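# Structure at a glance
So you can see what is in the structure, the chains are spelled out below.
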Amino acid sequence: MKFFLDTADVKSIQKWAETGLVDGVTTNPTHLSKEGGDPKKKIKEIISILPKGDVSVEVTEQKPEAVYKQALAIAKISKNISVKIPCHIDYYPVIGKLAKEGVSINVTLVFTAIQAAMMARLGVHYVSPFIGRLEDIDVDGMQLLPEMREIFDLYGFKTEILAASLRSVLHVRDAMLAGADVLTLPIALFEKMVQHPLTDRGIEMFNADWKKLGVKQFP
Ligand code: E4P
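As a convention, each chain's residues are numbered from 1 in the sequence order in which they are written. For a predicted model such as this one, the threshold for reporting local features is a pLDDT of at least 70, and the threshold for listing and counting side-chain atom pairs is 80 or more; totals across whole chains, interfaces and linings nevertheless cover every residue. Only hydrogens and water are removed before side-chain values are computed, so all heavy atoms of the structure are retained for them.

## Some words on helix α1 (residues 10–17)
Every buried residue of α1 is accounted for by V10, S12, I13 and W16. Within α1, the buried residues cover an arc of 160° as seen down the axis, which keeps them to one side. Pairs of residues are marked as contacts when any of their non-hydrogen atoms sit within 4.5 Å. Put simply, DSSP H or I for four residues or longer makes a helix, DSSP E for two residues or longer makes a strand, and each gets a number counted from the N terminus. Among the structural elements, β1 (2–6), β2 (24–26), α3 (39–49) and α10 (187–193) are those in contact with the buried residues of α1. Between N or O atoms, a polar contact is any pair within 3.5 Å; within protein, one atom must be a potential hydrogen donor and the other a potential acceptor, and residues adjacent in sequence are included only when both atoms are from side chains. Regarding α1, its N-cap is D9, as a side-chain oxygen of that residue lies 3.2 Å from the backbone nitrogen of K11 further along. Burial here depends on accessible area, computed with a 1.4 Å probe over protein chains only, as a share of the maximum for the residue type. Under 20% is buried, over 50% is exposed, and the range in between is partly exposed. Here the arc refers to the set of directions running from the helix axis out to each C-beta atom.

Take a look at the structure:
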C-alpha cells in the first residue's frame, strides 16, 4: 500500500515527506493553478523532493492529438512522472497508444468499476476513482473500491487502484480495507491521520509518572 499527497504545495510536500510515508504526489490543474507560478518549475521542485516518488501530472489540452503530444512532453520531464488523462471516450485510443508505448498513465475522473476495468484492459499504470465527488452527488463512492478490487483480481489486471478524492479518515480506513493499492491524501487529511489525542495524552502521562521516580540516567 502506498500513500501519495494530493497537492502541488511544495512546502507541505517537503514537510510530510520527512515522515518517510510519502511515495508520490498527485497534482491536477486545480492544484497547480492554486499554487500559481510556472507549473513546470513546480513539478520539477516536487520531483526533487521525491526523486524516487511517483508524481502525477495532468494533461490540459483537449483535442486527442494534442493530448497525445502533451502527454509525451509531460512524460519527458522526468522518468518518475505518471501522466493523468481523463477517462473520456475521446481519449481511449490515445490512452491505449501511450500505455503501449510505455508511458505511465494515471487515468483520472473514474466513476464506475466498468470504466476502471476498461482502462485496465488498455494497460494503464493507475486508475483514479474519485470517491468524494460521487458522495457529493449522493452516490455510494466507497462501494466502488471493493468492486474494482474484485474485478481486477478476478481478471489478473496489473493496473493499480489509486483511491482519490478522499475526504475523511473513515474514507482512508475503508479504502485500505477495500485493498486500494494507493491512497492519495489532501494535506489536511494526512495531518489528521498522523495524530491521535490519546497518543499525545499517553505520552504526557508517562512523562509525568517517570519524573516522579527521580532517576537521572536510564539505562
Ligand atoms: C486526484 O488525483 C485528484 O486530484 C483529487 O483526489 C480530487 O479530489 P477532490 O474531489 O477533493 O478535488
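## Observations concerning the packing of α1 against α3
Here the axes come from fitting lines to C-alpha atoms, over the contacting stretch only for helices, and the angles between their N-to-C directions go from 0 to 180 degrees. Closest axis-to-axis distance for the α1/α3 pair is 10 Å, and the angle between their directions is 5°. As the angle between them shows, α1 and α3 are arranged roughly parallel. Where α1 approaches α3, its residues V10, I13, Q14 and A17 are matched on the opposing element by K42, E45, I46 and I49. If an angle is under 35 degrees, it is roughly parallel; if it is over 145, roughly antiparallel; if it lies from 65 to 115, roughly perpendicular; otherwise it is oblique.

## Observations regarding the sheet that holds β1
A strand pair is defined by DSSP finding two or more bridges across the two strands. Taking strand neighbours around the barrel as the criterion, the eight strands line up as β1-β2-β3-β4-β5-β6-β7-β8 in a closed arrangement whose pairing is parallel. Across the sheet, the mean angle separating the axes of adjacent strands is 30° when strand polarity is ignored. The pairing of strand β7 (residues 160–163) with strand β8 (residues 182–185) spans two bridges and is parallel. Directly across from A163, in β8, lies its bridge partner L183. Packed on one face of the sheet, helix α4 (residues 64–77) meets β3 (54–58) and β4 (81–86) and runs near 160° to β4.

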